[in-house]
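Given next are the chains, with one letter for each unit.
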Amino acid sequence: MDKALSFELLHKDSKTKARRGRITTRHGTIETPVFMPVGTQATVKAMKPEDVEKTGAEIILGNTYHLYLRPGSDIVREAGGLHRFMNWNKSILTDSGGFQVFSLGQFRKITEEGVKFKSYIDGSSHMMTPESSIGVQLDLGSDIMMAFDECCPYPSDYLYTKRSMERTTRWLERCIKAHTNTENQSLFGIMQGGFYNDLRRISAEQIVEFDLPGYAIGGISVGEPKEQFLEILDSCVDYLPEDKPRYLMGVGTPDYLFEGVENGVDMFDCVLPTRLARHGMAMTSYGEVSIKNACYQRSYEPLDSECDCYVCRNYSRAYLRHLFKSDEILSSMLLSEHNIHFLVNTMAKMRKAIEEDRFTEYKKEFYSKYGGKCEL
């Protein structure tokens, strides 16, 4: 049993499944529900760690697959672990690399042993197994490690999904056996089962038997219609224990965050805020703003009049547009900082609303403004 993480359920919303909690790791506390910025290659793209911290982020993600290929987990271990390597002193969650290797399509082959794949960097051949995935994550020294799972593509037929789900359970057992640092690192299991309710229930029953410190919902938000996402999410959460954190993987749009929280999810991650920033897109209280639009050429207002982040306190839309149109690196830096702050701050407002039993009211208030258009 892992000893490196604790979870406290502080309050449950009276009208929904939304809940307010607190996770504690050896690197600090994490107020939930929480959005976790993604630092794929030991960096949140275009941001210094101190700027990520200024947004209020309490935990970030690292990527096992990418760090295994470059620079190599042995180098990170020799540098003192991922926290020291990237100069981030708060909590870190590492994903297992499963989603990345399964998304390689024709460049990978799944067997019971693991997944053979070719590196996107130099075409070299590799094998990732439950044991090697955990081994890399032990080298990285993350606070929360994810089990190596098989993520089904959408759509997948019932038989394929069932076999995949059963293999994920067998791989979880191997991950647990390979996990040798329970004093400092926690291991989360991942529920699979595609969009089949009975498989989701069976998967949850199987992984919960291992009594892990937390559980993730994997294999949704993979291109399916939103109606299917909502339908399967509603049942997924009910199959997981109430006294452990629940993590919905790869979700970061405001609407999906609200739906996840309303359904009782505690943790979320996504590359979206920094990816949007690199394309000149800002997330604001009034919807997404494309800063490249000509209507902002002489707009001397902040990106978001309701935002108190460093960017909104100091720069105008006109200046940010100028940076983007001039292909200046500062454009990505500032828009990334704002976008992450926006999501982190939105989650903080959700937490407060849950504490005050007004989550539904806050959701309605948010949606009444979100979706604004370019002002001429």
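Asker: Hey, could you run me through the overall build of the chain in this one?
Answerer: What the chain contains, in helices and strands, is 15 helices and 16 strands. For 376 residues, the compact-globule formula gives about 21 Å, and the C-alpha radius of gyration of the chain, at 20 Å, lands near that figure. Each principal axis of the C-alpha distribution contributes one length, and for the chain these read about 60 × 50 × 40 Å. Burial statistics for the chain: of 376 residues in total, 55% are counted as buried. In the chain, the share of contacts with a sequence separation of at least 24, taken over all contacts with a separation of at least 6, comes to 67%. Accessible surface for the chain amounts to roughly 15900 Å². Of this, 49% is attributable to carbon and sulfur atoms. Each charge sign in the chain was given a centre, from 46 positive and 53 negative side chains, and these centres are 3 Å apart.

Asker: Would you mind going over the pattern of salt bridges with me for this structure?
Answerer: Should the charged atoms of two oppositely charged side chains come close, the side chains can pair. The final tally for this structure, using the stated rule, is 25 salt bridges. Among the salt bridges present, the one from Arg 358 reaches Glu 356, with a minimum N-O distance of 2.6 Å. Classification of Arg 358 as partly exposed rests on a relative accessible area of 27%. When salt bridges with common partners are traced through the structure, they connect Arg 20, Arg 22, Glu 31 and Glu 355 into a single cluster.

Asker: Got a minute to help me understand the confidence of the model for the chain in this structure?
Answerer: Low-pLDDT stretches of the model should not have their predicted coordinates read in fine detail. Across the chain, the average pLDDT comes to 95, with 98% of residues at or above 70. Under a pLDDT of 50 for its full length, residues 372–376 has, in the predicted model, eleven contacts with residues more than four places off or in other chains.

Asker: Help me out: how do you make sense of the sheet that holds strand β11 (residues 186–191) in this one?
Answerer: Pairing between sheet strands relies on hydrogen bonds along the backbone, with the strands arranged either parallel or antiparallel. If you trace the eight strands from one edge of the open sheet to the other, you get β4-β14-β13-β12-β11-β10-β6-β5, paired in parallel fashion. Every other strand in the sheet has two partners, leaving β4 (34–37) and β5 (59–63) as the edge strands with one partner each. On average, each strand axis in the sheet is tilted by 25° relative to the strand beside it, whichever way the strands run. For β4 and strand β14 (residues 267–270), the ladder comprises four bridges, and the chain directions are parallel. Each bridged residue has a counterpart across the sheet, and for Phe 35 the counterpart in β14 is Phe 268. Packing of helix α8 (residues 197–208) onto the sheet brings it into contact with β11 and β12 (215–217), and relative to β11 it is tilted by some 160°.

Asker: Would you explain unusual backbone geometry in this entry?
Answerer: Note on backbone geometry: most residues besides glycine have negative phi, and most peptide bonds are trans. At the junction of Thr 32 and Pro 33, the peptide bond is cis and its omega measures out at 5° in the coordinates. Looking at where Pro 33 falls in the secondary structure, it is placed in the loop between β3 (28–32) and β4. Residue Pro 71 is reached from Arg 70 by a cis peptide bond, and omega for that bond is 10°. By secondary structure assignment, the location of Pro 71 is in the loop between α2 (64–69) and α3 (73–78). Despite not being glycine, Asn 87 has its phi angle at roughly 60°, a positive value. Residue position: Asn 87 is located in the loop between α4 (82–86) and β6 (91–95). Classification of Asn 87 as partly exposed rests on a relative accessible area of 48%. The residue Asp 211 is not glycine, and still its phi comes out positive at about 50°.

Asker: I would appreciate a short explanation of the sheet that holds strand β8 (residues 115–118) in the present structure.
Answerer: With respect to topology, three strands assemble into an open sheet ordered β7-β8-β9, the strand pairing being antiparallel. The open sheet is flanked by β7 (108–110) and β9 (125–128), the only strands paired with a single partner. With strand direction ignored, the average angle separating the axes of adjacent strands in the sheet is 15°. Where β7 lies against β8, three bridges are found, and the strand directions are antiparallel. Bridging from a neighbouring strand, Arg 108 pairs with Phe 117 of β8.

Asker: Quick question: what am I supposed to make of helix α10 (residues 254–262) here?
Answerer: Each turn of an α-helix holds 3.6 residues, which means side chains three or four residues apart point in the same direction. For α10, a buried count of seven out of nine residues is recorded, marking the element as mostly surrounded by other parts of the structure. Listed in full, the buried residues belonging to α10 are Pro 254, Tyr 256, Leu 257, Phe 258, Glu 259, Gly 260 and Val 261.

Asker: Even after reading the chapter, I still don't get the packing of aromatic side chains, so can you show me in this structure?
Answerer: Geometrically, a pair of aromatic rings is defined through the distance of the ring centres and the angle of the planes. Applying the stated rule across the entire model yields 16 aromatic pairs. Relative to Tyr 362, the ring of Phe 258 has its centre 5.6 Å away and its plane inclined at 40°; by these criteria the two rings are tilted. Pair noted here: Phe 258 is in helix α10 and Tyr 362 is in helix α15 (residues 359–369), with a separation of 104 residues, a long-range link. Residue Phe 258 shares its accessibility class with Tyr 362, and that shared class is buried. Ring centres 5.4 Å apart and planes at 15° place the aromatic pair Tyr 315 and Tyr 319 in the stacked group. Exposure remark for Tyr 315: the relative accessible area of 22% places this residue in the partly exposed category. Taken together through their ring pairs, the aromatic side chains of Phe 258, Phe 342, Phe 359, Tyr 362, Phe 366, Tyr 367 and Tyr 370 make up a single cluster.

Asker: Would you mind going over the packing of helix α13 (residues 317–325) against helix α14 (residues 329–355) with me for this structure?
Answerer: What describes two packed helices is the angle between their axes and the distance between those same axes. At a minimum axis distance of 7 Å, the contact between α13 and α14 shows a crossing angle of 135°. Judged by the inter-axis angle, α13 sits oblique to α14. For the crossing formed where α13 meets α14, the hand is left-handed. For the pair α13 and α14, the contacting residues are Tyr 319, Leu 320, Leu 323 and Phe 324 in the first and Leu 330, Ser 331, Leu 334 and Leu 335 in the second.

Asker: What is the right way to look at the pairing of strand β16 (residues 287–290) in this model?
Answerer: Regular strands show a simple pattern: their side chains alternate between the two faces of the sheet. Bridge count for strand β15 (residues 281–284) against β16 is four bridges, and the pairing is antiparallel. In the sheet register, Met 283 faces β16, and the bridge partner there is Glu 288. The loop that links β15 with its antiparallel partner β16 comprises two residues.

What counts, and at which threshold
Residues numbered from 1 in each chain as written. Predicted model: local features only at pLDDT ≥ 70, side-chain atom pairs only at ≥ 80, totals over all residues. Heavy atoms only, no water. Helix = DSSP H or I, 4+ residues; strand = E, 2+ residues; numbered from the N terminus. Rg over C-alpha atoms; globule rule 2.2 N^0.38 Å. Buried < 20%, exposed > 50% of the residue type's maximum accessible area, 1.4 Å probe, protein only. Contact = heavy atoms within 4.5 Å. Areas by Shrake-Rupley, 256 points an atom, 1.4 Å probe, with all protein chains shown as cover. Lys, Arg positive; Asp, Glu negative; His and termini not counted. Charge placed at Lys NZ, Arg CZ, Asp CG, Glu CD. Salt bridge = Lys/Arg side-chain N within 4 Å of Asp/Glu carboxyl O. pLDDT = per-residue confidence, 0-100. Pairing = 2+ DSSP bridges. Axes fitted to C-alpha atoms, helices over the stretch in contact; angles between N-to-C directions. Phe/Tyr/Trp six-rings, centres within 6.5 Å; stacked < 30°, edge-to-face > 60°. Parallel < 35°, antiparallel > 145°, perpendicular 65-115°, else oblique. Left-handed = near helix turned anticlockwise from the far one by under 90°.

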